[in-house]
Amino acid sequence: MSSDLLSGPGGTGDPDAHKGPESSPGDGDHPLRHVAVCLVKHGLEPLVYRVPASLQGICRPGMRVEVPLGRAKRVGYVLGEAHPPEGQTLRDITDVLDPEPIVTQEQLRLAQFAARYYMSPLAEALRLTHPAGLDMVAHRDATLTTEGKLALERASSILEVQGLELTALEHSLLGELTRGPVDSTRLLARVKEARHNHINVLCRRGLITLAERDYRPRVPEATEPWVRLAPGGLDGLDLDALRRRAPRQAQLLAKLVAAAAEGHGEGVPVARLRATDPGVRSRINALKSQGRLLEEQHSRRRDPMANVPIQPHPVPSLSLDQAQAVTVLSAALRAEGFHAFLLHGVTSSGKTEVYLQVIRQAMDTGRGAIVLVPEISLTPQLASRFRARFPEGVAVLHSGLGPGQRQDEWQRVRRGDVRLVVGARSALFAPVERLGVVVVDEEHDTSFKQEDGLRYNARDLALVRGQQAGALVLLGSATPSLESTRNAERQKLGRLSLPTRATPQPLPKVEIIDLKTYRLDPEGVLTAPLAEALTETLAASRQAILFLNRRGFAPFVLCVACGQPMRCPHCSVSLTLHKGRRLLVCHYCGHQVRPTSRCPACGAENMRAMGLGTERVEEVLRTRFPGARIARLDRDTARGSRLHRILDATATGEIDILVGTQMVTKGHDFPGVTLVGVVHGDHALHMPDFRASERTFQLLCQVSGRAGRGDTPGRVLVQTYNPNHHAITCAQSHDYDGFYRAEMRFRRELGYPPEGHLVAVRFEARDPEAVIATARGTADACKGVEGVTLLGPAEAPLARLRGRTRWQLLLKGPRRQDVHMAAAAALAYKQTQVPEGVRVIIDVDPQSML
């Protein structure tokens with residue numbers, strides 16, 4: 001996001017930056033008569049509806065309502081009061097679906113800004129404000145009428161009913177209703193070939209009836225049975241006789257009496273009783289039949305951290321640099337209002353402790369906090385540390401949770417039960433009231449950028465939310481993005497530094513192994529220096545990490561006879577060999593085939609796996625070091641609970657060598673790791689992306705930071721064919737400032753961010769000619785905006801994806817307003833000129849160039 005959205009560490013930025021649509025929230029004393037409604041599934045612009053008198057005291061901004069659209073009914077969000085357009089007859093809202101606003105005013109402002117800035121439908125942004133499990137689903141029960149029952153009794157497969165034929169399909173639909181009413185959606189799922197119009201026809205014939213729409217959340221609330229004493233449940237009871245006749249029934253009653261005496265009149269969960277008495281259900285049923293117990297359903301929280309123990313984390317003494325950072329941040333917090341800082345701290349410098357202490361101060365004054373982390377794998381680890389420090393409660397929000405878990409965590413925040421949220425990028429939209437602090441940890445990480453739907457960058461929107469809420473925003477990283485460092489130079493962000501580690505050992509020594517000098521082993525994995533370092537580390541009973549940012553066994557399989565690789569039929573990429581699964585897999589669309597020894601192009605039986613992946617590295621290491629305990633951490637192994645088992649085993653020293661992709665670089669604290677080996681340090685340097693050098697530098701620094709975090713010095717060996725590239729040399733010397741200066745010269749010369757602004761417009765379709773024509777037409781529409789350079793349109797680096805041809809157009813310029821003006825022309829062309837079947841994606845501030 002452009003730095004000119006911020007006017008300084010305490011500034012307010014562009015006064016129009018957060019202006020809402022042509023609607024206003026209204027106030028609690030003024031009933032809304034006309035409202036702007038953003039429909040969940042409709043266009044870009046809100047529509048204006050009239051609020052009938054019966055709903056005027058109920059309808060409020062942030063609520064969902066049912067409204068008519070044509071002959072259909074739709075669900076939409078109330079944005080606020082609106083002025084009725086002149087000369088138009090407005091239709092009425094038909095129902096209010098929420099008892100309280102599901103979207104807070106702060107969330108609404110953030111969603112409106114995000115939709116405008118990222119040129120996306122407002123509905124896409126509003127969906128991020130609550131979990132998908134709370135989406136409203138319309139239910140209409142279908143019921144068989146008397147006429148329908150008669151038709152079925154007389155029917156075989158085809159029958160004349162009221163002069164019309166009853167088809168076999170309609171006969172099946174009626175047959176499903178013989179045991180009682182069925183929701184129409186579920187009815188269609190049971191009869192696969194049926195459609196809604198078939199149900200409507202049966203309804204018009206009088207064979208079934210359809211109930212009024214009943215809107216319910218997609219994921220229902222979880223409940224569990226509780227039992228309590230019934231009023232008067234002990235009246236006339238001879239307890240002594242019951243103890244002799246049914247002692248366990250008497251024990252159950254005694255437990256409930258004791259619970260009531262302790263103030264738990266609501267009773268006891270059946271699950272708790274069953275834990276000590278597996279046969280308690282029969283006793284409950286017996287006492288219920290006697291009128292002595294009541295059984296009721298109570299809400300049950302689906303706790304994602306229920307089985308994650310809280311590890312004690314003693315509060316450490318602050319270093320001088322940490323204390324100075326906390327002092328500056330505390331002063332900003334006391335001053336209130338918006339302040340934004342970049343905390344640049346080397347790996348293991350204690351950034352998390354700074355976060356904890358600042359959040360503690362905010363919480364002590366009744367304010368809330370949001371902590372964003374880039375990787376789902378980090379969330380339990382970080383959440384455990386926060387839970388130890390904040391016993392009043394921490395909510396965890398990320399896409400790895402089950403729908404019910406995510407919904408329950410969100411509800412805790414919405415009710416105000418917890419004021420601290422830890423999660424991935426979508427947690428930024430959590431309904432935290434009185435927001436005081438927003439932390440973006442590892443702010444440089446590209447996973448903060450959403451790559452579908454609303455293509456927002458959570459790091460940039462964190463600044464906007466902080467500005468809107470008057471909160472302190474803290475961006476932390478050992479390798480800050482160039483955009484954030486440039487903002488600090490321009491005094492858009494305050495800059496704080498943690499230049500030394502908080503651990504006993506300094507930053508590890510980094511050694512460069514020139515692959516033009518040192519030959520790799522026959523498997524193409526290890527040079528002699530790295531193999532020797534691994535041997536020494538194992539002999540010293542220490543741990544090592546080997547990093548290669550490519551999963552699978554081999555990135556492609558090639559016919560040695562004709563040179564033809566095995567390619568994905570849907571994407572312009574080679575298939576990756578996964579040896580353990582005996583599959584060739586496309587990492588983009590998921591296409592899978594079994595490997596074969598015969599070339600499909602020439603028929604020769606001479607197929608060979610080429611290149612390296614983490615699976616192959618693991619296999620080589622197991623052969624080379626048979627006594628070592630070796631594990632692999634990548635997307636293939638980090639599924640479900642296996643991820644946490646691998647991380648826990650590494651942290652406790654049960655693993656000697658951990659092989660992994662960039663997942664091993666993400667802030668993990670492994671005190672026993674003293675050696676890090678980078679198998680191919682220049683792998684990312686050759687990507688078709690102007691940020692390739694920056695990402696290489698960041699990855700090398702981050703993975704290097706895993707070494708030497710305990711009591712023993714660390715050592716890092718980087719194997720590379722480009723030992724003199726500034727990304728490699730600066731990572732070797734831990735020289736962020738040197739890398740920043742060198743890289744900024746390149747960015748300044750070519751006008752790339754942060755010295756310019758960029759919007760990518762991508763085109764996809766199955767028809768290549770339609771893609772090309774649309775791309776060229778869009779480029780013509782964008783021409784003429786002064787100060788904007790058009791790069792393309794041209795074939796995208798990933799020219800085919802999931803069977804669709806891809807082209808792209810880059811809009812580049814020094815002024816954000818000009819680039820957005822050109823992007824607005826592309827958006828207008830998309831809405832009016834693009835043929836059916838062509839998808840046009842506008843990506844503001846893109847992170848991926850593929």
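Residues numbered from 1 in each chain as written. Predicted model: local features only at pLDDT ≥ 70, side-chain atom pairs only at ≥ 80, totals over all residues. Heavy atoms only, no water.

Student: Kindly report on the pairing of strand β30 (residues 630-633), identifying the contributing residues and their values.
Tutor: Where burial is concerned, the two faces of β30 agree: the one with Ile630 and Arg632 and the one with Ala631 and Leu633 are both buried. Note: β30 against strand β31 (residues 657-660), four bridges, orientation parallel. Pairing of Ile630 across the sheet is with Ile657, part of β31. Each parallel crossover has a hand, and the one from β30 via helix α19 (residues 641-651) to β31 is right-handed. (Buried < 20%, exposed > 50% of the residue type's maximum accessible area, 1.4 Å probe, protein only. Helix = DSSP H or I, 4+ residues; strand = E, 2+ residues; numbered from the N terminus. Pairing = 2+ DSSP bridges. Right-handed = clockwise from strand over helix to strand, strands pointing away.)

Student: Go over the confidence of the model for the protein chain with me, naming the residues and quoting the values.
Tutor: On average, residues of the protein chain score 91 in pLDDT, and 95% of them are at 70 or above. Segment residues 7-22 is flagged for pLDDT under 50; beyond a separation of four residues in sequence, or across chains, it makes 37 contacts in the model. Throughout residues 157-164 the model reports pLDDT below 50, and contacts reaching past four residues in sequence, or to other chains, amount to 19 contacts. (pLDDT = per-residue confidence, 0-100. Contact = heavy atoms within 4.5 Å.)

Student: Describe the nonpolar core, listing the residues and the values that go with them.
Tutor: Among soluble globular proteins, nonpolar side chains are generally buried collectively. Within the largest apolar cluster, 79 residues are counted, with the highest numbers of intra-cluster contacts made by Leu126, Val421, Leu461, Val761 and Leu811. Ranked by the residues each element gives to this core, the list is headed by helix α1 (residues 105-117), at seven residues. Aside from chain neighbours lying at most four places away, what touches Leu811 is His757, Leu758, Val759, Val761, Cys782, Val788, Thr789, Leu790, Val819, Ala822 and Ala823. Grouped together as the second largest cluster of nonpolar side chains are 36 residues, Val510, Leu633, Leu699 and Val718 included. (Core = buried A, V, L, I, M, F, W, Y, C linked by side-chain atoms within 4.5 Å.)

Student: An account of the sheet that holds strand β7 (residues 141-144) is needed here, citing residue identities and associated values.
Tutor: Across the sheet, three strands lie side by side as β10-β7-β11; this open sheet has antiparallel pairing. Because the sheet does not close on itself, it has two edges, and the strands there are β10 (182-183) and β11 (208-210). Two elements, β7 and β10, share two bridges in a ladder whose sense is antiparallel. Within β10, the residue paired with Asp141 across the bridge is Asp183.

Student: How would you explain the environment of Pro499 if you had to name every residue and give the values?
Tutor: Residue position: Pro499 is located in the loop between β22 (494-498) and β23 (509-514). On a C-alpha basis, the gap between Pro499 and Ala478 in space is 9.3 Å, while along the polypeptide they are 21 residues apart. Among all residues touching Pro499, those that are not within four sequence positions of it are Asp321 and Val346.

Student: Go over the pattern of salt bridges with me, naming the residues and quoting the values.
Tutor: Scanning all chains against the criterion turns up 54 salt bridges. With its nearest N and O atoms 2.7 Å apart, the salt bridge here joins Arg486 to Glu755. Pair noted here: Arg486 is in helix α16 (residues 482-489) and Glu755 is in the loop between α22 (736-750) and β34 (757-765), with a separation of 269 residues, a long-range link. Taking the shortest distance from any N to any O, the salt bridge between Glu764 and Arg839 comes out at 3.7 Å. (Salt bridge = Lys/Arg side-chain N within 4 Å of Asp/Glu carboxyl O.)

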